[in-house]
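For reference, the chains in residue letters:
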Amino acid sequence: MRIAILTSGILPVPAVQGGAVENLIDFYLDYNDRHRFHDITVYSVWHPAVKEHSAVKSDVNHYVFIKVNSLWAKLRKKLYQMTHGEEYYHYTIEYYLHEAIKDIRHRCFDIIIIENRPAYALKLRNITKARLVYHLHNEKLDINVPQYQDIYNAAHRILTVSNYIKSRVQTINRKDSKVETVHNGIDLKAFSQGAKTNRASLGLAADDFVLVYSGRVNRDKGILELIDAMTLLHDYPSIKLMVIGSSFYGNAIGVDEFMSELKIKASTLKDRIIFTGFIPYQQIPSYLNMSDVAVIPSVWDDPFPTTVLEAQAMGLPIITTRRGGIPEEVTEQNAILLSTDEHFVDNLAAAIRDLYEHPKKRQQMSEVAIEHSKYYNKERYAADFFRAIETLS
C-alpha cells in the first residue's frame with residue numbers, strides 16, 4: 001500500500017531530538033524498511049541532524065521535510081497566522097499541516113496515518129480519498145474535545161497505545177468498532193544489562209541505593225511528590241535520587257518555572273538528588289543500569305509511558321501509580337502500584353523504604369520484570385501496528 005504519515009509537527013522523524021512518539025514511528029519505519037511491506041512517505045519537520053541519519057537512505061520509506069525554524073519559515077508561519085487566524089491547533093502546527101497538504105494534494109495515497117493529531121482529519125478529508133488512520137498516544141479524542149463527532153466520523157481506523165486511551169475514544173460511541181489497542185514496544189536489545197555509567201562521575205558511591213526517575217520533568221509526572229517523599233527519608237542518607245530528563249525533549253534551553261521550583265525544593269537534600277539534565281536516548285540504558293529501583297510517580301492519567309517499559313526491560317523493580325495505562329504495562333509481581341490520593345507521598349516513601357530494606361524482594365521483582373518485558377519488544381509492536389492497518393486493504 002501507499003501510505004503517508006503525518007507527525008505531530010513539533011519534533012523531527014527520524015527522532016534525532018528524541019520524543020516518545022517519534023521513536024515509535026522510527027520503530028515501525030525500520031520494520032517496514034527491513035520487510036519492504038509498504039511504500040511510505042513521512043512528512044516531518046526539518047532538523048539538520050536528519051541529513052546524516054541512516055533511515056533517510058531507505059528506498060521504501062521516503063521523507064518530505066518541512067522547514068519550520070529557519071528565519072524565512074518563521075516569517076511564513078507568522079504570515080500564515082495573520083491570514084488564517086485561530087484554527088484547531090497552534091498556528092505552528094497548522095502551518096506544518098498546510099505545507100504537508102500542498103504536497104499530499106498531488107499524491108495518491110491509500111492510507112494516511114495521523115500521529116496524535118486527529119483533528120488534521122478536518123482538513124484532510126476534503127483533499128484526499130485516502131483512508132484516515134489515527135494513532136493516538138494521548139487523550140486527543142473523546143467527548144471533551146472540540147468537534148469530536150466530526151473527527152471520529154472521519155476516521156477509518158483508530159489505533160490507541162493503551163486500553164485506557166481506547167476507553168476514552170469510546171465515550172463518543174459505546175458501540176465503536178473502529179478502535180484497536182496496539183501496545184507500544186521498545187528496543188529490548190538496547191535496554192538490557194550492559195555497560196554502566198560510572199557512578200563516581202555523578203557523585204554517587206558504590207554502596208548508594210539509587211532511585212531513578214526518567215522522562216519529561218513536569219508537574220504531571222509526580223516528580224515534586226517524589227522529592228517530598230525523599231525528604232521524609234532523611235534517616236536514610238544512602239538513598240539517592242537520579243533525575244534524568246528536562247522540561248522539554250532535546251537540548252532545549254530556557255527558563256522553566258517548575259524546574260526552578262523543583263531545584264529549590266531539592267536543595268534542602270543537597271547531594272542526595274542528582275539532576276542529569278537531558279540525556280540522549282541511546283545513553284539512557286547505561287544510566288538505568290547503575291540504578292536499583294525506578295520510580296515513575298505520575299499523578300495524571302499517563303497513557304502508556306515508555307519509561308515504564310524501559311525500566312522493566314532493564315530488570316528494575318518499579319514504583320509507580322494506578323493512573324491511565326500504567327497498570328497495563330506491569331504486574332503486581334514486578335511493580336508497586338500506588339494510588340495518588342492524600343496519602344500518596346507517605347506511601348511513596350514507604351514503598352521506597354520497603355525495597356531498600358528487602359534486597360531479596362528486589363531480586364524477585366527484577367526477574368519478573370525481565371520476563372514480562374519480552375512482550376513489549378519493538379518487533380511485536382511494529383507487526384501488530386501494520387496488521388491493524390492492513391485490515392483496511
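Refer to the structure printed above.
The rules we used
Residues numbered from 1 in each chain as written. Predicted model: local features only at pLDDT ≥ 70, side-chain atom pairs only at ≥ 80, totals over all residues. Heavy atoms only, no water. Helix = DSSP H or I, 4+ residues; strand = E, 2+ residues; numbered from the N terminus. Pairing = 2+ DSSP bridges. Axes fitted to C-alpha atoms, helices over the stretch in contact; angles between N-to-C directions. Contact = heavy atoms within 4.5 Å. Salt bridge = Lys/Arg side-chain N within 4 Å of Asp/Glu carboxyl O. Buried < 20%, exposed > 50% of the residue type's maximum accessible area, 1.4 Å probe, protein only. Patch = residues over 30% accessible without salt bridge, like charges linked within 9 Å, V, L, I, M, F, W, Y side chains within 5 Å. Areas by Shrake-Rupley, 256 points an atom, 1.4 Å probe, with all protein chains shown as cover. Right-handed = clockwise from strand over helix to strand, strands pointing away. Parallel < 35°, antiparallel > 145°, perpendicular 65-115°, else oblique. Nonpolar A, V, L, I, M, F, W, Y, C, P; charged D, E, K, R; others polar.

(A) Highlighting the environment of alanine 190. The topology assignment puts alanine 190 in the loop between strand 7 (179-181) and strand 8 (209-214). Spatially, the C-alpha atom of alanine 190 lies 9.3 Å from that of glutamate 310, the residues being 120 residues apart in sequence.

(B) Focus on the sheet that holds strand 9 (residues 239-244). If you trace the 6 strands from one edge of the open sheet to the other, you get 10-9-8-11-12-13, paired in parallel fashion. Whereas interior strands pair on both sides, the edge strands pair on one side only; in this sheet they are strand 10 (273-277) and strand 13 (335-338). Averaged over all pairs of adjacent strands, the angle between their axes in this sheet comes to 20°, without regard to strand direction. Bridge count for strand 11 (residues 293-296) against strand 12 (residues 318-321) is 3 bridges, and the pairing is parallel. Paired with alanine 294 across the bridge in strand 12 is isoleucine 318. Where helix 11 (residues 344-357) meets the sheet, it contacts strand 8, strand 9, strand 11, strand 12 and strand 13, and its direction lies at approximately 165° from that of strand 13.

(C) Spatial organisation of the pattern of salt bridges. All told, the structure shown has 23 salt bridges when counted by the stated rule. As a salt-bridge pair, aspartate 30 and arginine 34 come within 3.0 Å of each other at their nearest N and O atoms. Taken together, the residues aspartate 30 and arginine 34, both in helix 1 (residues 20-35) and 4 residues apart, mark about one turn of the helix. On the basis of relative accessibility, which here comes to 31%, the residue aspartate 30 falls in the partly exposed class. One salt bridge connects aspartate 187 with lysine 378, and the closest N-O pair in it is separated by 3.7 Å. Of the two residues, aspartate 187 is situated in the loop between strand 7 and strand 8 and lysine 378 in helix 13 (residues 378-390); the sequence distance between them amounts to 191 residues.

(D) Molecular detail of a nonpolar patch on the surface. Together, Leu71, Trp72 and Leu75 give the surface a local cluster of nonpolar side chains, amounting to about 400 Å² of exposed area. Relative to the assigned elements, leucine 75 resides in helix 2 (residues 71-84).

(E) A look at the pairing of strand 2 (residues 39-45). Burial analysis of strand 2 places 6 of its 7 residues in the buried class, the great majority of the element. With 5 bridges joining them, strand 1 (residues 2-6) and strand 2 adopt parallel strand pairing. Counterpart to arginine 2 in the pairing with strand 2 is aspartate 39. Following the chain from strand 1 across helix 1 to the adjacent parallel strand 2, one finds a crossover that is right-handed. Direction of pairing for strand 2 relative to strand 3 (residues 61-66): parallel, over a ladder of 6 bridges. The residue bridging tyrosine 43 from the neighbouring strand is valine 64, located in strand 3.

(F) Expanded view of the packing of helix 2 against helix 3 (residues 91-104). Running from N to C, helix 2 and helix 3 cross one another at 100°; their axes reach a closest spacing of 9 Å. One way to sum up the angle between helix 2 and helix 3 is to call them roughly perpendicular. Between helix 2 and helix 3, the residues in contact are Ala73, Arg76, Lys77, Lys78, Tyr80 and Gln81 and Tyr91, Thr92, Glu94, Tyr95, His98, Glu99 and Lys102, respectively. Tallied by class, residues from the contact of helix 2 with helix 3 come to 4 nonpolar, 3 polar and 6 charged.

(G) Representation of unusual backbone geometry. Here the bond from valine 13 into proline 14 is cis, since omega is 5°, no more than 30 degrees from zero. With respect to the element layout, proline 14 can be found in the loop between strand 1 and helix 1. Unusually for a residue other than glycine, arginine 36 sits at a positive phi of about 55°. The partly exposed category is assigned to arginine 36, whose relative accessible area is 48%. Here asparagine 116, not a glycine, exhibits a phi torsion of approximately 65°, which is positive. Looking at where asparagine 116 falls in the secondary structure, it is placed in the loop between strand 4 (111-115) and helix 4 (121-124). A residue is classified by how much of its surface remains accessible, and asparagine 116, at 7% relative accessible area, is buried.

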